[in-house]
Amino acid sequence: MDPASIAAPQLRPFACFAVEVAEPQVVGTVPHGVRRVIPILGGTVQGEGWHGRVLPGGADFQLIVHEGYAELDARYVVELDAGDLVFVQNQAVRSGPPELMRRIARGESVDPGQIYFRCQPRFETASKALGWINERLFVGSGVRRPDSVVMRFFALD
């Protein structure tokens, strides 16, 4: 078998998430870096043919591994306009020059072109209309704003 005959994954636009966040709760220096928890307050979701809102109550569990690199693990729920719920677990990495990463940690705006912010969201839902997302992989890119995180997600086809 020729490995070149295996199709490369294609990216298909899935949704744009704008997640509103509160001030970080800094746990402090732990064995693998600085632990922060960012409460999720709400937000909006614009999908391909659907809409929703981010429900308050989730959080982004962050580990600042070193000055230029952070690992993120956000978990929250989206309510679709039709009333169905979607559980989101989004694991991401964010890296860049240490001074810019410190500015992000302080809640300041930074040019998103200067920061590498990529993610792997997973979705779980009982929605009939969006049930297919339970069985697919997704990737995305994001930007941290002072009071929100904006992300574009793509299905891997």
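Placed above this text is the structure.
First, a word on scope: everything that follows refers to the structure included in this document.

How each quantity is defined
- Residues numbered from 1 in each chain as written.
- Predicted model: local features only at pLDDT ≥ 70, side-chain atom pairs only at ≥ 80, totals over all residues.
- Heavy atoms only, no water.
- Helix = DSSP H or I, 4+ residues; strand = E, 2+ residues; numbered from the N terminus.
- Rg over C-alpha atoms; globule rule 2.2 N^0.38 Å.
- Buried < 20%, exposed > 50% of the residue type's maximum accessible area, 1.4 Å probe, protein only.
- Contact = heavy atoms within 4.5 Å.
- Phe/Tyr/Trp six-rings, centres within 6.5 Å; stacked < 30°, edge-to-face > 60°.
- Lys NZ or Arg CZ within 6 Å of the ring centre and 35° of its normal.
- Salt bridge = Lys/Arg side-chain N within 4 Å of Asp/Glu carboxyl O.

## Section: the overall build of the protein
Then, in step 1: Regarding its fold elements, the protein presents one helix and 10 strands.
Then, in step 2: Against the 2.2 N^0.38 benchmark of 15 Å for 157 residues, the protein shows a C-alpha radius of gyration of 17 Å, consistent with a compact globule.
Then, in step 3: Every one of the 157 residues in the protein was classed for burial, and the buried ones make up 40%.
Then, in step 4: A separation of at least 24 residues holds for 51% of the contacts in the protein among residues at least 6 apart in sequence.

## Some remarks on the packing of aromatic side chains
Then, in step 1: Evaluated as defined, the whole model comprises 10 aromatic pairs.
Then, in step 2: Here the aromatic rings of Phe17 and Phe123 are separated by 6.3 Å at their centres, their planes lie at 40°, and the arrangement is tilted. In this pair, Phe17 sits in strand 1 (residues 11-21) while Phe123 sits in strand 8 (residues 116-125), placing the two residues 106 residues apart along the sequence.
Then, in step 3: On the basis of relative accessible area, Phe17 is assigned to the buried category, the value being 1%.
Then, in step 4: An aromatic cluster of at least three residues, connected via ring pairs, comprises Phe14, Phe17, Trp50, Tyr76, Phe123, Trp132, Phe138 and Phe153.
Then, in step 5: Lying across the ring of Phe117, Arg94 places its NZ or CZ 5.6 Å from the centre.

## Here we look at the environment of Pro146
Then, in step 1: Structurally, Pro146 is set in the loop between strand 9 (138-144) and strand 10 (148-156).
Then, in step 2: Classification of Pro146 as partly exposed rests on a relative accessible area of 38%.
Then, in step 3: Apart from the residues within four sequence positions on either side, Pro146 is in contact with Gly107, Glu108 and Ser109.

## A look at the pattern of salt bridges
Then, in step 1: For the coordinates displayed, the defined rule picks out eight salt bridges.
Then, in step 2: Linking Asp157 and Arg12 is a salt bridge whose minimum nitrogen-to-oxygen distance equals 2.5 Å. One end of the pair, Asp157, is in the segment after strand 10; the other, Arg12, is in strand 1, with 145 residues separating them in the sequence.
Then, in step 3: Looking at Arg12, the relative accessible area reads 33%, which means it is partly exposed.
Then, in step 4: When the shortest N-O distance is used, the salt bridge between Glu67 and Arg102 registers 3.0 Å. One end of the pair, Glu67, is in the loop between strand 5 (59-66) and strand 6 (69-80); the other, Arg102, is in helix 1 (residues 98-105), and 35 residues separate them in sequence.

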